[in-house]
2 protein chains.
Amino acid sequence: MTDAAEDALPERKRGSGVKLVYEMLRDEILTLALPPGKPIDEVHLAERFGMSRTPIREALVRLAGEGLVETLPNRSAIVANIDVLNLYTYFDAITLMYRVTTRLAGQYHRPEDLVTIRARQADYLRAVAAQDPLAMIAVNREFHAAIAEAGRNPYFTTLTLRLLDEGRRILRLYYQSFNDRLPQEYSDEHEAIIAAIAARDLDLCDRLARAHADQIVRQIQKFFGRDQRLDIAL
Amino acid sequence: MTDAAEDALPERKRGSGVKLVYEMLRDEILTLALPPGKPIDEVHLAERFGMSRTPIREALVRLAGEGLVETLPNRSAIVANIDVLNLYTYFDAITLMYRVTTRLAGQYHRPEDLVTIRARQADYLRAVAAQDPLAMIAVNREFHAAIAEAGRNPYFTTLTLRLLDEGRRILRLYYQSFNDRLPQEYSDEHEAIIAAIAARDLDLCDRLARAHADQIVRQIQKFFGRDQRLDIAL
DNA sequence: TGCATTTCTTTTGTCGACAACAATCCGCGG
DNA sequence: CCGCGGATTGTTGTCGACAAAAGAAATGCA
């Protein structure tokens, strides 16, 4: 009876099934509603969404391609685990991507990009005002995603989006352990980054992005373990 | 009758079908045997490989996830196009990944990594001796892939592998236009990189990787158009 | 002849079913 | 009592078939 919402919509357009399942599962994974390591039963999902196993399977393959689920041959797929041991590789990657995408945004952004970025920052402020940790995490992702898009490098954008998604899971885990105490507020840093992008000051973009990443990383590393990142002078 | 090879193997193990199709298609795309923009007919592939459409479909979804094929709703999937206009974003990305992975390899490599890397360099020398452009391109990819693996950052490794694959197509296109004149030889630069990694000289790794990337980029940019990359001082 | 509309063909998206494989449970022997 | 082997159950991988959607062809009208 947990699937009353799906029962109400037996009519779907051709081709919309996979997208629906993909986005739904993805969100449940990123919010930890589906905990890491949990087996995913295809037939169970099939009847939950009221469709055949084929589109469910395709959604799972796509999620596996993004590293959000792990598939074992002839065995149930599971929600991808969060590898706490190699967390420093994550921090290395997200730090570099913050720096590069912010710098590129400073260089290649167009006026409409700034509109989008400022809108995301407004969303962030709203989430802070509402004291909603989940929304703050999700909107923080959208903020940096908008910056990455403004940088207009699809390779960097793809990796950044993947890292931001993975970050949602890590942050969620982190704050869950603190009983959902409010995340630290990054509004001021965000404002400074926006200003640097608008001014097209690339070095400042770089410095601010790095400081912003360091800030978050240090906070989480304090909880999970020591910071093993390289001090890349680059 | 072009599929005599597949006919000889009607027996496949359960679960091996997708992998077979995936790897075969992938290789044909990367060698430009399947030209960019070419429509991919599922039923044609199904009878070519002697299997149902289901595993072919899964392979296509995976390839789409890597950006090697583009799927249009209710229309044939096509081999992903090479976007020459935005080529500079590719060079930006591959240059940064060369630098980062080589630096990380210098820091985190283990003895067995050097064995693998040197083996790839030996393969490269063999391909040069054999005057085989296709093999040189493919083995060059393996060389840098081995370095990326030694860096032990899965996020960077994934992006680097994707860029190297895309690079196989770009290089192939480049050399094809010169009637397969032999690619320039990079043996010396490779040797220097290996030495820097072994010596764990991170700054040297960075400089050499950057110079190596610049070398290749300049060569190709001379052909496709001017170099729009940022001069990231980082 | 040219254009719009309708029919037809081709190809995809989805379905239900079946077989293979893995895990579990049960019975037997030591 | 405990470990081992076989049957059983549950889940995935693959198949063939059908219907929707898009493009191509054919038809009718001006």
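Reading the values: rules and limits
- Residues numbered from 1 in each chain as written.
- Chains lettered and ligands numbered in written order.
- Predicted model: local features only at pLDDT ≥ 70, side-chain atom pairs only at ≥ 80, totals over all residues.
- Heavy atoms only, no water.
- Phe/Tyr/Trp six-rings, centres within 6.5 Å; stacked < 30°, edge-to-face > 60°.
- Buried < 20%, exposed > 50% of the residue type's maximum accessible area, 1.4 Å probe, protein only.
- Lys NZ or Arg CZ within 6 Å of the ring centre and 35° of its normal.
- Axes fitted to C-alpha atoms, helices over the stretch in contact; angles between N-to-C directions.
- Helix = DSSP H or I, 4+ residues; strand = E, 2+ residues; numbered from the N terminus.
- Parallel < 35°, antiparallel > 145°, perpendicular 65-115°, else oblique.
- Contact = heavy atoms within 4.5 Å.
- Nonpolar A, V, L, I, M, F, W, Y, C, P; charged D, E, K, R; others polar.
- Near = heavy atom within 4 Å.
- Polar contact = N/O pair within 3.5 Å; in protein donor to acceptor, adjacent residues only side chain to side chain.

**Concerning the packing of aromatic side chains**
Logical step 1: Across all of its chains, the model carries six aromatic pairs over all chains by this definition.
Logical step 2: Where Tyr90 of chain B meets Phe91 of chain B, the ring centres are 5.7 Å apart and the plane angle is 70°; that geometry is what we call edge-to-face.
Logical step 3: Its relative accessible area of 6% is what places Tyr90 of chain B among the buried residues.
Logical step 4: Given a relative accessible area of 2%, Phe91 of chain B falls into the buried group.
Logical step 5: In this structure, Arg62 of chain A is placed above the aromatic ring of Tyr22 of chain A, and the distance from its NZ or CZ to the ring centre is 4.4 Å.

**Quick notes on the packing of helix α6 (residues 111–129) of chain B against helix α9 (residues 187–198) of chain B**
Helix-helix packing: each pair is described by the crossing angle between the helix axes and the interaxial distance.
Residues and elements named next belong to chain B.
Logical step 1: Direction vectors running N to C along α6 and α9 enclose 175°, while the axes themselves pass 11 Å from each other. Overall, the two elements α6 and α9 adopt an arrangement that is roughly antiparallel. Along the contact surface, α6 presents Leu114, Ile117, Arg118, Gln121, Tyr124 and Leu125, while α9 presents Ser187, His190, Glu191, Ile194, Ile197 and Ala198.
Logical step 2: Split by residue class, the contact of α6 with α9 holds seven nonpolar, three polar and two charged.

**Regarding unusual backbone geometry**
Residue and element names in this part refer to chain A.
Logical step 1: Phi is positive for Leu32, which is not a glycine, with a value near 65°.
Logical step 2: Assignment of secondary structure puts Leu32 in the loop between α2 (16–30) and β1 (39–40).
Logical step 3: At Gln131, a position not held by glycine, the phi torsion is positive, near 55°.

**Regarding the protein's contact with DNA strand D**
Logical step 1: In the neighbourhood of DNA strand D, 22 residues make up the surrounding shell, with Arg53 and Arg57 of chain A together with Arg14, Ser52 and Arg75 of chain B lying closest.
Logical step 2: Within 4 Å of the protein, the contacting atoms of DNA strand D are 66% sugar and phosphate, with bases supplying the remainder.
Logical step 3: Within the contact set of DNA strand D, a phosphate oxygen lies 3.3 Å away from a backbone nitrogen or oxygen of Ile40 of chain A.
Logical step 4: Within the backbone of Ser52 of chain B, a nitrogen or oxygen atom sits 2.6 Å from a phosphate oxygen of DNA strand D.
Logical step 5: Among the elements of the structure, α3 (42–49) and α4 (53–65) of chain A together with α2 (16–30) and α4 (53–65) of chain B are those that each provide at least two residues to the surface near DNA strand D.
Logical step 6: Of the residues forming the surface near DNA strand D, the biggest block, three residues, is contributed by α4 of chain B.
Logical step 7: Looking at the surface near DNA strand D residue by residue, the class counts come to four nonpolar, eight polar and 10 charged.

Keep in mind that these numbers describe shape and distance, not what the molecule does.
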